[in-house]
Structure formats: C-alpha cells, structure tokens
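What follows is each chain in one-letter form.
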Amino acid sequence: MLRYFTRRLLHGLFLVVGVSLLTFFLLQLAPGDFFAEMRLNPQMTAESVAAVRHQYGLDRSVATRYLLWINSVRKGELGFSFAYDSPVACLLWARARNTLILTLSAMLLSWLIAVPVGLGCGARPGGWSDRLCLGATSSLLAIPDLLLALGLLFLAVRTGWFPTGGMVSPGFDDLSGWGKVKDVVSHFCLPVATLVLGTVPVLVRHVRAGVVEVLASPFIRAARAHGITRRRLLARYALRGAAAPLISLLGLGITTLLSGSLLVEVVMSWPGVGPLLWEAVLARDLYVVVGAVMCSTLFLVGGNMVADALLFAVDPRIRTE
Amino acid sequence: MTIRRRIYLALGFLGALHASVLLASFFAPYDPEVQDRELPFAPPTRLHFVDERGRFHLRPFIYACASSSMPVAACVEDLTRAFPLRFFVRESSAVEKANLANQGAELGASESKRRHWRLFGVDQPARIFLLGSDGLGRDQFSRLLHGGQVSLLAGMLAAGLALGFGLVLGAVAGFYGGWVDELIMRSVELFLALPWLYLLFAVRAFLPLHLSAVQSFFLLIAVMGVVGWARPARLVRGVVLSARERDYVAAARGFGASDVYLLRRHVLPQAFGVVMTQAGILIPQFILAEVALSYLGLGVAEPVPSLGNLLAELQQYHVMASYWWMFLPGAALIPVFASYYALANALQERAGVVPT
C-alpha cells in the first residue's frame, strides 16, 4: 500500500516539476517582455529600462532565473508580478479558491447527475431510453462551451433572474450572513450551470459505455441466473464493475473541467484563475502565467491523488499488486 | 442505418459544409471587409414574396431601409423602394469601388481581381444582410462564411499537424521501445495531464502579441498542433506495439527489410483507423480552441474574420442585450460539431469500441 502511494506521489511530483520546467523555458523563448513596451516611451531612457530589467532579474540567464524562481517558491512567493507589483502567491490564493469552489461544485453536481442517468441509459442498450439518451447527449455535446456560456449570459441579461457576472454584488459587505450566502449562490448559478451542461454529456456517455461493457460480461449472466433482481444487479454489480475506469476518468475529467472553467470564468467574469491568466498573457506578466499554470497543475495532481485513493479503495486488484 | 451509411452521411454533410465555406467569395454577397457605416447593427433583412398590392412574385425582393437620423435605428422598411434579388451577379458596385478607393492605392490596384461572380445580390443602394450586420455595418453572412473558412481550416491544419507529430512519435516509441519509448511516453503523460486550454495559453504567451493576421493564423495552428500531439501518439504507440510482434513483420524482417520499410509497409497501416477516429475528435476540439483564443483576442485578429472574433463583439454588454443575430456565428458551429461527432462515433463503433 505504501509503495503504491509513494509511486503515485512521485508521479505527481514529476508532473509538477515537468510542467514548471516546460512553461518556464517556453516562456523564455518569447521575444520581448513586460518592459519591452517601455522602450517606446520617450520619457524612459534605455538605461532606466535596463535598470528596471536588472532589478527584476530579467537580464540573468534562464537557468539562474529558474533557480531563483524555485527559491521564491520555497519561500511561498511563486515569483513576482510586474503588473501588480506584488508576489504572485498573494494574487493567486484568493483566485485559486474561487476557481476551486466553481470547479468542485460543478464536478460534484455533474457526477450526481451523470451516474444515475448513464446507468439508466446503459441498462437496456438499444432501447428507447438509450436512444433518447444518446440523442440528447450528442446534441448537447455539439454545443460549444463558449456558446453555452454566452447563451446563458444572454438569458440572464434578458430576464434579469441572475446577475450577469462577478462573484458578489456591489453592496456585499453590508449584507447579513444569510444574505451573503444567497448573493454568492445567485452569482454562482450560471457558471456552474455552464460547466455542468458541458461535462454531463461526456460523463453520461462514459458511464453508459462502462455499464454496457460490464453487462455483457459472463459474471453478470451468472448473477442473473442466480435470480438476483435487475435493480440490485445494476446498482451493486454493474456499477461496481464499471467503477474503475470511471474513477480514473474523475482524475482526467478535472483537466477538461479546468479548461472549461478558464473560458467560463473569463466570459462570466468570475474572479478565478482564468481572468488572471488571461490578463497576464496579454500583459506578458511572466511569473503570473507560470503561477497560474502551476496552480492548475496542482489542482490536477490533487484530483489524481484523490482518484488514486478511491481506486485503491474500490478495486481490490490494485491492492494485490 | 448501417455504420457505413452513417459514415458516408456524416462525410457528405461535412463535405457540403466545407465546400460552402471554401467557396465563400461566391456564396457571400459582399466582401467581408466592406463596411456601410450608415447601417450598424442592421437586423437580418427580410425576404418578401408578396408586395404592397398583394401580388405574388416568384423572384424574392427586399425593401431598402428608410434613411433615418437616429444613430442606431432598427431598419424601417421603405415600402416604396423594392429591390429584387438578383442571382449570379458580376459584383462591382459603386459603393464598393468607393470603399476600395478610400482604402488606398494598393487595394485599388487589385480591384480588377476583386470583380467576381456572386450567387446573389441586390442593386445599390439597397443592402442585403441575410444575418444582419455588425457594428461597422459589415454583412454578417459574408463574414460568417469567410470566418468559417479561417476557423475550419485552422482546425483541420492543426489536427493534421498534431496527428503527424503523434503518428511519428508514437510509431518511434512503439517500434523502438527502450529509453526512447520511456522518454516519449513520459512527455505524453505531461501533455495529457495539463489542462489543454491553460497549456495553450501558456504557449501562446511566449509568442509576440501583435502580429499580422496571416502570421497569427499560422502561429495559432502551430501552437495547437504542438499541444495536441499527445493522445494520438499514445494510441498509435499501442497499435504499433501489437503490430510489430506479428509474424509477418518478423518474416519481412527476416527477408532483410529495413526499419523504415517495415514501419511504412506493415506497421503504420494498422494505425489508420485510430488516426481517422482521432481526426474526428481533434478537429472540432481545435476549431473550438481557435474560437476561444480568437474570442479572447489571442488568435486571429481583425479585420480578418474568424468565428471566434465574430463572437468577440458580444463582450460588449449592449451588443449582447440587443442584437440577437450576433450570436449566429456561434450557432453555426453546432452543425459542424454535430457532424464531426457523428463521424467520430461511427468510426469508433466500426472499430468495435463502445462510443463515448
């Protein structure tokens, strides 16, 4: 057991280090940097631009800067933002929390919907419920995330039922405790709905595929021959048999969900990592880009860890390895 | 329906879609850059068959907008001025000439080249906006077709690039094994694990921001191709791994066949199905990536239209709230995606996998 988890942990560590190296060195290939546009400013002399670049260490070699960056990660600063003039970590934490709230609740909700629906669809492959389900999911799949987000936003604009962006209303601080919760939840509905509508069809199809595959296997036929009821068969045997690929999907699903939430956050101006990354890319705020990518990688590694632990609990074949 | 017929149906539909955007300059009534500042955000022009006196016309006609002094007026149809729809017109109108002249000498020089056949059009001074017009009075329908050209082409080229990388690296990894395999598969894991949009952003961040439209188009394709190679590489490796152990491969090797010959002749053809299925999955994904990046101002730049930067106008609140036809470029993606997914599903089923 310890060996299994150490291996998974090492794998996660490899991912984090690999991603940091990859983004860091890719970003160094960029022509120009945050201060490049300053050269166009007639009030700045070439010397003062050089001085600023020296101050931020942009004139050092890539390897030195990577080591310096590692050092600042160790101190919990994650580098320094040129645009905000503060350590990246300060900017990132609050936003990472908001992204986490959004993605986790979207994930939870979409799994809660997808598992029963997928089970219902896969129970009778080729039946009317299955065909209905396939039709519905493929038409939902064909709607791009961006259009979904824009469409829901349009709904909010036209009906006024939901706030059209942000996370809290202007007078948030004056609200009572219950009012605050209600305010955040109402802001929260549209982004979560977009993410859920985007992920549910994918998940339903995976659950369905898993169930169909398991139902065709001999042990199900044996169980049926023993007179186990259909409902019990589905809930206890089929679902459990289909669980292993689904749990690893849980880890991978975080990837798509994070990508989706990046877009949704920007469109609906949810104050998460997405808008921060977008602005940082536009402003060439190097360390913020690296920090945001690292942040998403950390989410991912965390999600994979949870998935591995679940897999360990559910699938006895792994324990004997 | 049999799987074969479903594949042909999806392919046929996709072919028609692509042909219509490929021939954009024929199907579109105007050039995508032509502006009419008098008519910003004009709603879709209505085609009429029955005129004032209740007479029926076989040839549809439109009414010109009544000129009004309001800055953003909903087009009020001037019932005294009817313009019949003309088919197969040789486009070279006065306004367009004037526009071109304004835009400078270099465009004026190529003016003769810009005269070409169009499927339909109306006489000056009326304007036909089948899908309305945007903030600068440009025809959305023409921009949609030309933008579709850019977006669909970007998706296809990027998928081609990603599949090419994936095929080569996957084949090398599977065929040679050892440390090469280890190295490639570790990097596959790295690329697969990253949220692809974040990765796309990070890679985009290292490219210059201000680029000409053509440069940014090709950079976009390169970036997407670089980001997307991992999954095809892994799948191709799996196929190659099983194919290289076959008896006929061993036999060919015994006859002295070289590695390149073996790969090309005996191993890689096995990966054809996998590559095709991946193409069906990757192309819509890359089209979506182009749309997302251009929407955010990181992809194809104005004035060249793409489906993404057509949608970008919706970032303004008043556009989203009042002009519903600005959503149509997004809606145009739905049939494209639906047919690609249908194709990918049918291909997966043919390969004996339960489609997901």
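Definitions and cut-offs
Along each chain, residue indices are assigned from 1 in the same order as the chain's sequence is written. Note on labels: chains are lettered from A, ligands numbered from 1, in written order. Given that this is a predicted model, residues contribute local features only at a pLDDT of at least 70 and side-chain atom pairs are listed and counted only at 80 or more, while totals for whole chains, interfaces and linings are drawn from all residues. To qualify as a helix, a DSSP run of H or I must reach at least 4 residues; to qualify as a strand, a run of E must reach at least 2; elements of each kind are numbered from the N terminus. Each residue is classed by its C-beta neighbour count within 10 Å, where at least 20 other C-beta atoms makes it buried, 12 or fewer makes it exposed, and intermediate counts make it partly exposed; the C-beta atoms are placed from backbone geometry. Placing a C-beta atom from the backbone of each residue, one calls two residues in contact when those atoms lie within 7 Å. Side-chain classes are defined by residue name, with Ala, Val, Leu, Ile, Met, Phe, Trp, Tyr, Cys and Pro counting as nonpolar, Asp, Glu, Lys and Arg as charged, and the others, Gly among them, as polar. Working rule for helices: expected span equals 1.5 Å times residues minus one. Here, a nonpolar core denotes buried Ala, Val, Leu, Ile, Met, Phe, Trp, Tyr and Cys residues that are linked to one another through C-beta atoms within 7 Å. Strand pairing is assigned whenever DSSP identifies at least 2 bridges connecting the two strands. A residue's pLDDT is the confidence the predictor assigns to it, expressed on a 0 to 100 scale. The angle between two axes is taken between their N-to-C directions and runs from 0 to 180 degrees, where each axis is a line fitted to C-alpha atoms and a helix contributes only its stretch in contact. Angles below 35 degrees are treated as roughly parallel, those above 145 as roughly antiparallel, those between 65 and 115 as roughly perpendicular, and all remaining angles as oblique. Take the far helix as your reference; a near helix turned counterclockwise from it by less than a right angle gives a left-handed crossing, and one turned clockwise gives a right-handed crossing. Each domain's extent is set by a domain assignment, obtained either automatically or from a database.

Visitor: Describe the overall build of chain B, listing the residues and the values that go with them.
Guide: Per the secondary structure count, chain B includes 17 helices and five strands. Here chain B holds 356 residues, and the buried ones make up 42% of them. Long-range contacts, defined as pairs at least 24 residues apart, comprise 73% of the intrachain contacts of chain B with a sequence gap of at least 6.

Visitor: Go over the overall build of chain A with me, naming the residues and quoting the values.
Guide: Helix and strand content of chain A: twelve helices and two strands. Along the chain direction, N to C, the helices and strands of chain A fall in the order α-α-α-β-β-α-α-α-α-α-α-α-α-α. The buried share among the 321 residues of chain A stands at 36%.

Visitor: I'd like a rundown of the interface of chain A and chain B, residues and numbers included.
Guide: On the side of chain B, 36 residues touch chain A, which itself brings 42 residues to the contact. Listing elements by their share of the side of chain A that touches chain B, those giving two or more residues are α1 (2-28), α5 (128-141), α6 (145-159), α7 (177-215), α9 (230-267), α10 (273-283) and α11 (286-314) of chain A. In terms of residues, the side of chain A that touches chain B owes the most to one element, α1 of chain A, which gives seven residues. Along the lines of polarity and charge, the residues of the side of chain A that touches chain B split into 31 nonpolar, nine polar and two charged.

Visitor: Tell me about α6 of chain A, and please be specific about residues and values.
Guide: Residues and elements named next belong to chain A. A rise of 1.5 Å per residue sets the reference length of α6, with its 15 residues, at 21 Å; its end C-alpha atoms lie 21 Å apart and thus fit the reference within 8%. Among all positions of α6, only Asp145, Leu146, Leu147, Leu148, Ala149, Leu150, Leu152 and Leu153 are buried. Trailing α6 by a residue or two, Gly160 shows a phi angle of about 75°, which is positive.

Visitor: For the nonpolar core, give the residues involved together with the corresponding values.
Guide: Inside soluble globular proteins, nonpolar side chains tend to come together where they are buried. With 170 residues, the main nonpolar core has Leu146, Ala149, Leu277 and Val289 of chain A together with Leu200, Met224 and Ala292 of chain B as its most contacted residues. If one sorts the elements of this core by residue count, helix α6 (residues 140-176) of chain B sits on top with 16 residues. Here Leu146 of chain A is in contact with Leu263 and Val267 of chain A together with Val291, Ala292, Tyr295, Leu311 and Gly330 of chain B, once residues within four sequence places are set aside.

Visitor: Please provide a residue-by-residue account of the pairing of strand β2 (residues 56-65) of chain B, values included.
Guide: Residue and element names in this part refer to chain B. As paired strands, strand β1 (residues 48-50) and β2 are joined by two bridges and run antiparallel to one another. Looking at the pairing, His48 lines up with Phe61 of β2. Where β1 folds back onto β2 in an antiparallel hairpin, the turn is made up of five residues, including Gly54, whose phi is positive at roughly 80°.

Visitor: So what's going on with the confidence of the model for chain B? Residues and values would help.
Guide: Residues and elements named next belong to chain B. Overall, the predicted model of chain B reaches an average pLDDT of 80, with 87% of residues at or above 70. Here helix α4 (residues 105-109) stands out as the least confident element of chain B, with mean pLDDT 43; α6 is the most confident, with 90. Here residues 104-113 is a poorly scored stretch, pLDDT under 50, and it has four contacts once near neighbours within four places are set aside; other chains count. Model confidence for the complex: the whole-complex pTM is 0.83, and ipTM, which rates the interface, is 0.80.

Visitor: Lay out the packing of α5 of chain A against α7 of chain A in plain terms, naming residues and giving numbers.
Guide: Residue and element names in this part refer to chain A. Where α5 contacts α7, the axes come no closer than 9 Å and their chain directions differ by 140°. Looking at the two axes, α5 sits oblique to α7. With respect to the hand of their crossing, α5 and α7 are arranged in left-handed fashion. In this structure, α5 uses Cys133, Thr137, Leu140 and Leu141 to contact α7, whose residues at the interface are Leu197, Pro201, Val204, Arg205 and Arg208.

Visitor: Can you lay out unusual backbone geometry for me, pointing to particular residues and giving the numbers?
Guide: A positive phi angle is found at Ser269 of chain A, which is not glycine, with a value near 40°. On the secondary structure map, Ser269 of chain A appears in the loop between α9 and α10.

Visitor: Explain the environment of Met268 of chain A to me, using residue names and the numbers behind them.
Guide: All names here are of chain A. If you trace the backbone, Met268 turns up in the loop between α9 and α10. Judged by the 27 C-beta atoms lying within 10 Å of it, Met268 is buried. Placed 103 residues apart in sequence, Met268 and Gly165 show a C-alpha to C-alpha distance of 4.9 Å. Leaving out residues up to four positions away in the same chain, Met268 has contacts with Ala149, Leu153, Gly165, Leu190 and Pro191.

Visitor: Describe the domain arrangement of chain B, listing the residues and the values that go with them.
Guide: Residue and element names in this part refer to chain B. The assigned domain composition of chain B is domain 1 (27-138) and domain 2 (143-352). The interface of domain 1 with domain 2 comprises twelve residues on the first partner and ten residues on the second. Residue composition of the side of domain 1 that touches domain 2, by class: seven nonpolar, two polar and three charged.

Visitor: Break down the sheet that holds strand β3 (residues 77-84) of chain B for me, citing the residues and quoting the values.
Guide: All names here are of chain B. Read from one edge of the open sheet, three strands run β1-β2-β3, paired in antiparallel fashion. This sheet does not close on itself; its edge strands, each paired only once, are β1 and β3. Ignoring strand direction, the axes of neighbouring strands in this sheet form an average angle of 55°.

Visitor: For helix α3 (residues 62-74) of chain A, give the residues involved together with the corresponding values.
Guide: Taking 1.5 Å per residue, 13 residues should reach 18 Å; α3 of chain A reaches 18 Å between its end C-alpha atoms and fits that length. At the C-terminal side of α3 of chain A, Gly76 of chain A shows a positive phi close to 80°.

Visitor: Go over the packing of helix α1 (residues 3-22) of chain B against α6 of chain B, please, and point to the residues and values.
Guide: All names here are of chain B. Here α1 crosses α6 at 120°, and the two axes come no closer than 8 Å. Taken together, the axes of α1 and α6 lie oblique to each other. Crossing of α1 against α6: the hand is left-handed. The segment α1 lies against α6, with His18, Val21 and Leu22 engaging Leu145, Gly148, Gln149 and Leu152. Tallied by class, residues from the contact of α1 with α6 come to four nonpolar, three polar and no charged.

Visitor: Can you tell me about the environment of Arg95 of chain A, naming the residues and giving the values?
Guide: Residues and elements named next belong to chain A. Structurally, Arg95 can be placed in helix α4 (residues 88-123). Expressed as a C-alpha distance, the spacing of Arg95 and Leu134, which sit 39 residues apart in the sequence, is 37 Å. Those residues in contact with Arg95 that sit more than four places away from it in its chain are Pro271, Gly272, Val273 and Leu276.

Visitor: Just give me the short version of the confidence of the model for chain A, but keep the residues and values in it.
Guide: In this model, chain A carries a mean pLDDT of 81, and residues with pLDDT of at least 70 account for 94%. Mean pLDDT across the secondary structure elements of chain A bottoms out at helix α12 (residues 316-319) of chain A, with 70, and peaks at α4 of chain A, with 87.

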